[in-house]
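Residue-level structural notes
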Amino acid sequence: MTIKILGTLVELAIPYILSVILDEAIPAAVEIGDTQGGLRQIFIWGALMVVCAVIALVFNIVANRMAARVARDTAIAIRHDLFDSTLRLSCSRADAFTVPSLESRLTSDTYNVHHLIGMIQRMGIRAPILLMGGLIITFTLDPVLAGIMACVLPFIALTVFLVSRKGVPLHKKAQESGDAMVRVVREDAQGIRVIKALSRKQYEQGRYEQVNRQLQHDGLRASVVMGISNPVINLFLNVGLVAVLLVGAIRVTNGECLPGKIISFIQYFTLLSNAMLAITRIFMMFTKGAASMGRITEVLDAAAAYDEAPKTVRTMPAPMGVNGEGYLRFENIRFTYGEREKDNRRPHLSGITFDLPKGGTLGLIGATGSGKTTLLSLLMRFYDVREGNGTVSLGGRDLRTMTPEELRQKFGIAMQNDFIFAGSIEDNIRFGREISHEDVVFAAKVAQAYDFISALPDGFDHQLTSKGTNLSGGQKQRLLIARALAGKPEILILDDASSALDYRTDAALRQDIRAAQVGDGDHSPLHHTTTIIVAQRVSSVKHADLILVLDGGEVIGSGNHDALMETCEVYREIAESQMGGAILD
């Protein structure tokens, strides 16, 4: 900032020096008749002008390079914090933002802020100094002409204010249209095989054309409004310049002003015009940047609010019974997604109440849409229960008093369609955690993945493609289960994670998990690990300590397998339809 200010002040001196040469040095040389001495004075002042121009050039280049560096570093920090906040968002907030919108906030919005920060440093310092400094100097040269110049400025300021006020919401609307286009592109890129298979290319082309035209329309409206400013401002500046020349000519003719001052006035007017145009460009960029900053701040604030525990929930651990009864507790849970609760329609979960001791196994079974995954989402704090709609507690502590990081360190989870990245098998199982190779091998053995991994030429160093396309469905599921087991979690969640496994492999998996829990007592690798199994197969949950049968978000059956076979007709029908009443061990 210091360099930029000094360079701008030196630049302001150049027209003043020119007026001194024209009005003092040259007339003095002519009147005195000392041509050599007059030329020497002219050359001295001219050399001073060159020095000022060089200093202004060098200082502006140095300051602009520093401004670019600051803008770059700031944008890096913003993108880092925004990406971190995106990962920490609750699922409800992520659903509200939508994934395409989050992507555009990380890309185009951060670019707009980056550009704005750089422009503010380059022009936001220089232009006001040129404007205010030029006005001060011109008032010392000729107050009348300076007053004419000053009369133009309020009209320019009003134009900038009105255009900026109208432009911010228009740019925000255009950015939302951009989100919609990104969403369509993203969906089509992910579903390209289905689109080709069903010959729906023309239909998807029409969808894209619709959002593309909407983006074009909204972008055009914003550009037209912002484009009004430059012609209007140029009109005011040119009218002011004509007025200065007209009044200046009259004053020179009347002997009230010198020609050199008129020339310097024209140069100062040019500097002031450039300064006003620069300020206008800043405000135009600010309309985009302000909309982008607001969208970025929404994500940062949402993540920060999610990390803070509500002050109204209890924070002191509640006592548990002997043997850890009540370790995992759902108390009269009622939950709905989004705004659905306001519509008074049927909730996604209603009246869910159960206790599970530490080290126990919970089985969840029910039809598609019965609420199994929603129950897990509440346990993982992907979503929070609203106040007055029950409590989810772990170890007697309300989950809402825990930060997401504190809570999720306790979990190991494998879902049916989970994430596999391009890298080695061992890296995928370790997943960035400090886990030894021995623990990776142990997890692979329990997950029934060790045999097929060992058969590969590179073993655990075998390279996987993105999404694990070079593995079969069953191999991917075993790899994901190994990832969940490798960290020796306090709570193991298997969310339909064995659907692609045959019955024999599924049974061996359950037996090895149980052996790892109780095999050596307190020295067992998974000692006191609480297990939650979501499955469509009765055989996968048959040995659970507690089985919940869900239907329409409600528990219609609760107990162990034998009790449910006697008391829950739905459970009994599922068991008999799958195995004819003979459940495999």
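Counting restarts for each chain, with residues numbered from 1 along the sequence as it is written. pLDDT decides what is reported in this predicted model: residues at 70 or higher carry local features, side-chain atom pairs at 80 or more are listed and counted, and totals for whole chains, interfaces and linings draw on all residues regardless. Side-chain figures throughout are based on the complete set of non-hydrogen atoms in the structure, without hydrogens or water.

A few points about the nonpolar core
Cut-off, in case you're wondering: To qualify as a nonpolar core, a set must consist of buried Ala, Val, Leu, Ile, Met, Phe, Trp, Tyr and Cys residues joined through side-chain atoms within 4.5 Å. Three exposure classes are used, based on accessible area relative to the maximum for each residue type with a 1.4 Å probe and protein chains only: buried under 20%, partly exposed in between, and exposed over 50%. By definition, any uninterrupted DSSP run of H or I lasting at least four residues is a helix, any uninterrupted run of E lasting at least two residues is a strand, and each is numbered from the N terminus. By the convention used here, residues are in contact when the closest approach between their heavy atoms is within 4.5 Å.
Membership of the largest hydrophobic core comes to 37 residues, with the highest contact counts inside it found for Leu12, Leu131, Leu145, Ile156, Val244 and Phe265. At the level of secondary structure, the elements contributing two or more residues to this core comprise helix H4 (99–141), helix H5 (143–190), helix H8 (229–253) and helix H9 (259–307). Per element, the largest residue contribution to this core is 13 residues, and it comes from H9. When near neighbours in sequence (up to four residues on either side) are disregarded, Ile156 contacts Ile233, Phe236, Leu237 and Met276. If you look at the next biggest cluster of nonpolar residues, it comprises 33 residues, including Val440, Ala444, Leu479 and Leu494.

A few points about H5
Formally: What a helix should span is 1.5 Å times the count of its residues minus one. What the bend at a residue measures is the angle between two axes, fitted to the seven residues ending there and to the seven starting there. What qualifies as a polar contact is a pair of N or O atoms within 3.5 Å, subject to a donor-acceptor requirement within protein and to the restriction that residues adjacent in sequence count only when both atoms come from side chains.
For H5, spanning 48 residues, the distance from its first C-alpha to its last is 68 Å, which sits close to the expected 70 Å at 1.5 Å a residue. Taken as a whole, H5 carries its principal kink of about 30° at Gly167; the proline Pro169 stands between one and four residues after it. At the N-terminal boundary of H5, the capping side chain belongs to Asp142, with an oxygen 3.0 Å from the backbone nitrogen of Val144.

Here's the deal with the packing of aromatic side chains
Our working definition: The criterion for an aromatic pair is that two Phe, Tyr or Trp rings (for Trp, the six-membered ring) have centres within 6.5 Å, with stacked assigned to planes under 30 degrees apart, edge-to-face to planes over 60 apart and tilted to the rest.
Applying the stated criterion across every chain yields a total of 9 aromatic pairs. Aromatic pair Phe335 and Tyr337: ring centres 5.0 Å apart, planes at 80°, arrangement edge-to-face. For the ring pair Tyr450 and Phe460, a centre distance of 6.2 Å and an interplane angle of 45° mean the geometry is tilted. Residue Tyr450 is located in helix H14 (residues 450–454), and its partner Phe460 is located in the loop between H14 and strand E8 (463–464); the two are separated by 10 residues in the primary sequence. Here a set of aromatic residues connected by ring pairs shows up, and it is made of Phe335, Tyr337 and Tyr383.

So, the side chain of Thr531
If you trace the backbone, Thr531 turns up in strand E10 (residues 530–534). Take Thr531: its relative accessible area is 3%, and that puts it in the buried class. When neighbours within four sequence positions are excluded, Thr531 is seen to be in contact with Leu356, Gly360, Thr361, Leu362, Leu492 and Gln517.

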